[in-house]
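Observations on chain architecture
Here are the chains, one letter per residue:
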Amino acid sequence: MSISSNIKQLQASIPEGVTLVAVSKFHPVEALQEAYAAGQRVFGENKAQELLLKQEVMPKDIQWHFIGHLQSNKVKTIAPFIHTIHSIDSAKLLQEVDKQAARFNRTIRVLLQIYIAREDTKFGLSFEECIELLESGLIADCKHVEVCGLMGMATNTDNETQICDEFAKLNTFFKTVKASYFSNQDSFREISMGMSHDYKLAIAEGSTMIRVGSSIFGERSY
Ligand SMILES: *Cc1c(COP(=O)(O)O)cnc(C)c1O
């Protein structure tokens, strides 16, 4: 299957209201151009350097999403153009995004990354740490970030019951957070969950944003 037919099939199969983030990390610009020609405008990358190179040569109407662990010292390089950062996992990173967005007179959309997997390799805030961050009042001081929701990654397993359980927990937590801290903020509405092997389960559990790489672009060679 070609990149273009993969994109078209995915776009046709996902429900309205679910955004497809095409995760193009490790793939060459030509692959992104094929996806773009098929109508894809939302792309996800997880390395600042690689993102910068691609952003320079790709059309300007693309929404670039940052989906991986982001070091504070890299924020300034992507702040001029980044649309959404899915991976806010500390107060320090949130403050740095706010500071850099202010320098460029922009508002950057962010998601708080929540740790939901039963693995110790993934980044993210625990439910408790997320509540702590929300209780700290810091977000109200960050005038140049818009907190639009939560992101999470399920355990990398074939056990679908476990994956669904983890996604369901994130959805429940999202509802609690929305009710307690963002009840009058319409833009707090995103749950970014689901990758190539589990996006169907994620949609069933309430995902509003799926981050799909290999099912579109093929396997990555690292
Ligand atoms: C690489 C990556 C994806 C896409 O993974 P695939 O299995 O290729 O769909 C999604 N989310 C994050 C955070 C990633 O790093």
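A brief structural summary. Because the structure is predicted, anything quoted here is derived from the model rather than measured.

**A word on the packing of aromatic side chains**
One pass over the structure, following the stated rule, counts 4 aromatic pairs. Ring plane angle 40 degrees and centroid distance 5.8 Å describe the contact between Phe 43 and Trp 64, whose orientation is recorded as tilted. With a gap of 21 residues between them, Phe 43 in strand E2 (residues 42-45) and Trp 64 in strand E3 (residues 63-66) connect regions that are remote in the sequence. Site record: aromatic cluster; members linked through ring pairs are Phe 174, Phe 182 and Phe 188. Directly above the aromatic system of Tyr 36 lies the positively charged group of Arg 41, at a separation of 3.5 Å from the ring centroid.

**Things to note about the site of the ligand**
Near the ligand, the surroundings consist of Val 23, Lys 25, Ile 67, Met 151, Met 153, Met 195, Ser 196, Arg 211, Val 212, Gly 213, Ser 214 and Arg 220. Between a nitrogen atom of the ligand and a side-chain N or O atom of Arg 211, the distance comes to 2.9 Å. Separating an oxygen atom of the ligand from a backbone N or O atom of Gly 213 is a distance of 2.8 Å. Counting only elements with at least two residues in the shell around the ligand, the list comes to strand E6 (145-153) and strand E8 (209-212). Within the shell around the ligand, the residues separate by chemical class into 6 nonpolar, 3 polar and 3 charged.

**Side note on helix H2 (residues 29-37)**
By the burial criterion, the buried members of H2 are Ala 31, Leu 32, Ala 35 and Tyr 36. Buried residues in H2, looked at end-on, bunch into an arc of 140 degrees, giving them a common side. Those residues of H2 that are exposed and aimed more than 90 degrees away from the buried face are Glu 30 and Ala 37. Lining the buried residues of H2 we find helix H1 (3-13), E2, helix H3 (48-57), E3 and helix H10 (214-217). Positive phi shows up at Gly 39, right after H2, with a value of about 105 degrees.

Parameters at a glance
Residues numbered from 1 in each chain as written. Predicted model: local features only at pLDDT ≥ 70, side-chain atom pairs only at ≥ 80, totals over all residues. Heavy atoms only, no water. Phe/Tyr/Trp six-rings, centres within 6.5 Å; stacked < 30°, edge-to-face > 60°. Helix = DSSP H or I, 4+ residues; strand = E, 2+ residues; numbered from the N terminus. Lys NZ or Arg CZ within 6 Å of the ring centre and 35° of its normal. Near = heavy atom within 4 Å. Polar contact = N/O pair within 3.5 Å; in protein donor to acceptor, adjacent residues only side chain to side chain. Nonpolar A, V, L, I, M, F, W, Y, C, P; charged D, E, K, R; others polar. Buried < 20%, exposed > 50% of the residue type's maximum accessible area, 1.4 Å probe, protein only. Arc of directions from axis to C-beta. Contact = heavy atoms within 4.5 Å.

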